[in-house]
Amino acid sequence: MSDAGSFVDATLQAEGDPYRAAAAQERLGSDLRFYGASVGAVRGTIRDAGRRYPGLTHDDITALSSELWAVPVFERRLAAVVLLQSNVRVLDNSDLSRIEGFVRSARLRELVDPLAVDVVGPLVERLDAPGRARADGVLNRWAGDGDPWLRRAYLLTRRRLEQHL
(Lines give C-alpha, C1' and ligand atoms only; values in the text may rest on other atoms or scores of the structure.)
Protein backbone atom coordinates (compact mmCIF):
# COMPACT_ATOMS: atom_id res chain seq x y z
CA MET A 1 0.00 0.00 0.00
CA SER A 2 1.23 3.51 -0.77
CA ASP A 3 2.11 5.94 2.01
CA ALA A 4 -0.93 8.07 1.14
CA GLY A 5 -3.17 5.00 1.03
CA SER A 6 -1.87 3.80 4.40
CA PHE A 7 -2.42 7.26 5.88
CA VAL A 8 -6.02 7.44 4.62
CA ASP A 9 -6.87 3.91 5.75
CA ALA A 10 -5.32 4.30 9.21
CA THR A 11 -7.02 7.66 9.74
CA LEU A 12 -10.41 6.33 8.68
CA GLN A 13 -10.05 3.36 11.02
CA ALA A 14 -9.06 5.66 13.88
CA GLU A 15 -12.09 7.86 13.17
CA GLY A 16 -14.37 4.81 13.10
CA ASP A 17 -16.99 3.88 15.63
CA PRO A 18 -18.41 0.34 15.85
CA TYR A 19 -21.93 1.59 16.63
CA ARG A 20 -21.90 3.96 13.65
CA ALA A 21 -20.51 1.13 11.50
CA ALA A 22 -23.33 -1.21 12.52
CA ALA A 23 -25.95 1.50 11.94
CA ALA A 24 -24.57 2.30 8.47
CA GLN A 25 -24.45 -1.40 7.58
CA GLU A 26 -28.08 -1.75 8.62
CA ARG A 27 -29.23 1.43 6.87
CA LEU A 28 -27.43 0.80 3.58
CA GLY A 29 -27.87 -2.97 3.52
CA SER A 30 -24.56 -3.42 1.77
CA ASP A 31 -22.14 -6.32 1.85
CA LEU A 32 -19.28 -3.83 2.22
CA ARG A 33 -17.46 -3.57 5.53
CA PHE A 34 -17.81 -0.33 7.49
CA TYR A 35 -15.32 1.41 9.76
CA GLY A 36 -17.95 3.75 11.13
CA ALA A 37 -16.18 7.01 10.22
CA SER A 38 -18.46 9.97 9.54
CA VAL A 39 -18.71 11.64 6.13
CA GLY A 40 -17.02 14.68 7.68
CA ALA A 41 -14.14 12.50 8.85
CA VAL A 42 -13.78 11.04 5.36
CA ARG A 43 -13.70 14.51 3.79
CA GLY A 44 -11.26 15.77 6.43
CA THR A 45 -9.00 12.77 5.91
CA ILE A 46 -8.78 13.44 2.16
CA ARG A 47 -8.13 17.14 2.84
CA ASP A 48 -5.38 16.18 5.31
CA ALA A 49 -3.90 13.69 2.83
CA GLY A 50 -3.71 16.47 0.24
CA ARG A 51 -1.76 18.61 2.72
CA ARG A 52 0.46 15.76 3.79
CA TYR A 53 1.19 14.63 0.21
CA PRO A 54 1.19 17.84 -1.84
CA GLY A 55 1.73 17.86 -5.57
CA LEU A 56 -0.08 14.62 -6.36
CA THR A 57 -0.18 14.18 -10.12
CA HIS A 58 -3.03 12.84 -12.23
CA ASP A 59 -1.48 9.37 -12.09
CA ASP A 60 -0.99 9.58 -8.31
CA ILE A 61 -4.61 10.60 -7.79
CA THR A 62 -6.08 7.93 -10.03
CA ALA A 63 -3.78 5.26 -8.55
CA LEU A 64 -4.72 6.28 -5.00
CA SER A 65 -8.42 6.26 -5.86
CA SER A 66 -8.05 2.72 -7.24
CA GLU A 67 -6.05 1.65 -4.21
CA LEU A 68 -8.72 2.95 -1.85
CA TRP A 69 -11.52 1.41 -3.91
CA ALA A 70 -9.86 -2.02 -4.09
CA VAL A 71 -10.70 -2.92 -0.49
CA PRO A 72 -14.45 -3.42 0.03
CA VAL A 73 -14.84 -0.92 2.88
CA PHE A 74 -17.48 1.80 2.49
CA GLU A 75 -15.40 4.63 3.96
CA ARG A 76 -12.40 3.77 1.77
CA ARG A 77 -14.61 3.86 -1.31
CA LEU A 78 -16.21 7.10 -0.20
CA ALA A 79 -12.70 8.49 0.31
CA ALA A 80 -11.89 7.51 -3.30
CA VAL A 81 -14.98 9.44 -4.44
CA VAL A 82 -14.02 12.49 -2.35
CA LEU A 83 -10.47 12.32 -3.72
CA LEU A 84 -11.82 12.38 -7.29
CA GLN A 85 -14.28 15.18 -6.44
CA SER A 86 -11.46 17.24 -4.97
CA ASN A 87 -9.23 16.70 -8.00
CA VAL A 88 -11.75 16.61 -10.85
CA ARG A 89 -9.84 19.40 -12.60
CA VAL A 90 -6.98 17.00 -13.40
CA LEU A 91 -9.19 14.17 -14.69
CA ASP A 92 -9.86 13.60 -18.38
CA ASN A 93 -12.07 11.43 -20.53
CA SER A 94 -9.62 8.51 -20.28
CA ASP A 95 -10.59 8.29 -16.60
CA LEU A 96 -14.18 7.39 -17.46
CA SER A 97 -13.25 3.69 -17.72
CA ARG A 98 -11.91 3.67 -14.15
CA ILE A 99 -15.02 5.51 -12.95
CA GLU A 100 -17.21 3.04 -14.85
CA GLY A 101 -15.56 0.21 -12.93
CA PHE A 102 -16.22 2.04 -9.67
CA VAL A 103 -19.89 2.56 -10.58
CA ARG A 104 -20.34 -1.09 -11.58
CA SER A 105 -18.98 -2.31 -8.25
CA ALA A 106 -20.49 0.42 -6.02
CA ARG A 107 -24.12 -0.73 -5.97
CA LEU A 108 -24.98 2.06 -3.55
CA ARG A 109 -26.52 5.41 -4.37
CA GLU A 110 -24.29 6.99 -1.69
CA LEU A 111 -21.32 6.16 -3.93
CA VAL A 112 -22.81 6.17 -7.44
CA ASP A 113 -24.61 9.51 -7.17
CA PRO A 114 -21.59 11.63 -6.17
CA LEU A 115 -19.47 9.88 -8.80
CA ALA A 116 -22.01 10.84 -11.48
CA VAL A 117 -22.95 14.33 -10.28
CA ASP A 118 -19.69 15.58 -8.75
CA VAL A 119 -17.06 13.75 -10.80
CA VAL A 120 -18.33 12.68 -14.22
CA GLY A 121 -20.52 15.76 -14.74
CA PRO A 122 -17.80 18.35 -14.04
CA LEU A 123 -15.22 16.27 -15.90
CA VAL A 124 -17.36 16.19 -19.06
CA GLU A 125 -18.36 19.86 -18.76
CA ARG A 126 -14.79 21.09 -19.05
CA LEU A 127 -13.68 18.87 -21.95
CA ASP A 128 -12.84 20.35 -25.34
CA ALA A 129 -14.98 19.35 -28.34
CA PRO A 130 -13.06 16.17 -29.31
CA GLY A 131 -12.84 15.04 -25.68
CA ARG A 132 -16.52 15.78 -25.16
CA ALA A 133 -17.42 13.72 -28.24
CA ARG A 134 -15.47 10.74 -26.87
CA ALA A 135 -17.05 11.17 -23.42
CA ASP A 136 -20.53 11.39 -24.96
CA GLY A 137 -19.86 8.08 -26.71
CA VAL A 138 -18.99 6.48 -23.37
CA LEU A 139 -22.04 7.99 -21.66
CA ASN A 140 -24.35 6.83 -24.45
CA ARG A 141 -23.00 3.33 -23.99
CA TRP A 142 -23.77 3.61 -20.28
CA ALA A 143 -27.35 4.56 -21.14
CA GLY A 144 -27.96 1.24 -22.88
CA ASP A 145 -25.97 -0.97 -20.52
CA GLY A 146 -27.66 -3.77 -18.60
CA ASP A 147 -26.24 -2.55 -15.29
CA PRO A 148 -28.90 -0.41 -13.56
CA TRP A 149 -26.22 1.49 -11.59
CA LEU A 150 -24.43 2.49 -14.77
CA ARG A 151 -27.73 3.65 -16.29
CA ARG A 152 -28.41 5.63 -13.10
CA ALA A 153 -24.99 7.27 -13.39
CA TYR A 154 -25.76 8.15 -17.01
CA LEU A 155 -29.10 9.75 -16.08
CA LEU A 156 -27.65 11.74 -13.19
CA THR A 157 -24.73 12.94 -15.31
CA ARG A 158 -27.04 13.99 -18.16
CA ARG A 159 -29.30 15.84 -15.72
CA ARG A 160 -26.33 17.77 -14.37
CA LEU A 161 -25.07 18.58 -17.87
CA GLU A 162 -28.51 19.84 -18.92
CA GLN A 163 -28.75 22.04 -15.81
CA HIS A 164 -25.37 23.61 -16.55
CA LEU A 165 -25.98 24.51 -20.20
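The notes below deal with the structure included here. Position numbers for residues start from 1 in each chain and track the written sequence from start to end. With the structure being a predicted model, the display of local features is reserved for residues of pLDDT at least 70 and the display and counting of side-chain atom pairs for 80 or more, all residues being used for whole-chain, interface and lining totals. The side-chain numbers reported here are obtained from all heavy atoms of the structure, hydrogens and water having been left aside.

### Description of the packing of aromatic side chains
Note on aromatic pairs: the rings of Phe, Tyr and Trp (six-membered ring only in Trp) are paired at centre separations within 6.5 Å, and the planes decide the class, stacked below 30 degrees, edge-to-face beyond 60, tilted for the rest. Applying the stated rule across the entire model yields three aromatic pairs. Judged by centre distance (6.2 Å) and plane angle (65°), the rings of Phe 7 and Tyr 53 are edge-to-face. Residue Phe 7 is found in helix α1 (residues 3-15), and its partner Tyr 53 is found in the loop between α3 (39-52) and α4 (58-70); the two are separated by 46 residues along the sequence. Their ring planes at 25° and their centres at 5.3 Å tell us that Phe 34 and Phe 74 sit as a pair that is stacked. Here Phe 34, found in the loop between α2 (18-28) and α3, pairs with Phe 74, found in helix α5 (residues 74-86); they are 40 residues apart in sequence, far enough to count as distant. Its relative accessible area of 11% is what places Phe 34 among the buried residues. Secondary structure elements are defined from DSSP: runs of H or I of at least 4 residues count as helices, runs of E of at least 2 residues count as strands, and each element is numbered from the N terminus. Three exposure classes are used, based on accessible area relative to the maximum for each residue type with a 1.4 Å probe and protein chains only: buried under 20%, partly exposed in between, and exposed over 50%.

### What to know about the environment of Ser 86
By secondary structure assignment, the location of Ser 86 is in helix α5. On the basis of relative accessibility, which here comes to 41%, the residue Ser 86 falls in the partly exposed class. Separated by 33 residues in the primary sequence, Ser 86 and Val 119 place their C-alpha atoms 8.8 Å from one another.

### Regarding the pattern of salt bridges
Whenever a carboxyl oxygen of Asp or Glu lies within 4 Å of a side-chain nitrogen of Lys or Arg, that contact is scored as a salt bridge. Scanning all chains against the criterion turns up eleven salt bridges. For Arg 141, the salt bridge goes to Glu 100, with nearest N and O atoms at 2.7 Å. In this pair, Arg 141 sits in helix α8 (residues 129-143) while Glu 100 sits in helix α6 (residues 96-106), placing the two residues 41 residues apart along the sequence. We classify Arg 141 as partly exposed; its relative accessible area is 41%. Take Glu 100: its relative accessible area is 11%, and that puts it in the buried class.

### Things to note about unusual backbone geometry
Phi at Arg 107 is positive, roughly 55°, even though this residue is not glycine. Residue class for Arg 107 comes out exposed when judged on its relative accessible area of 53%.

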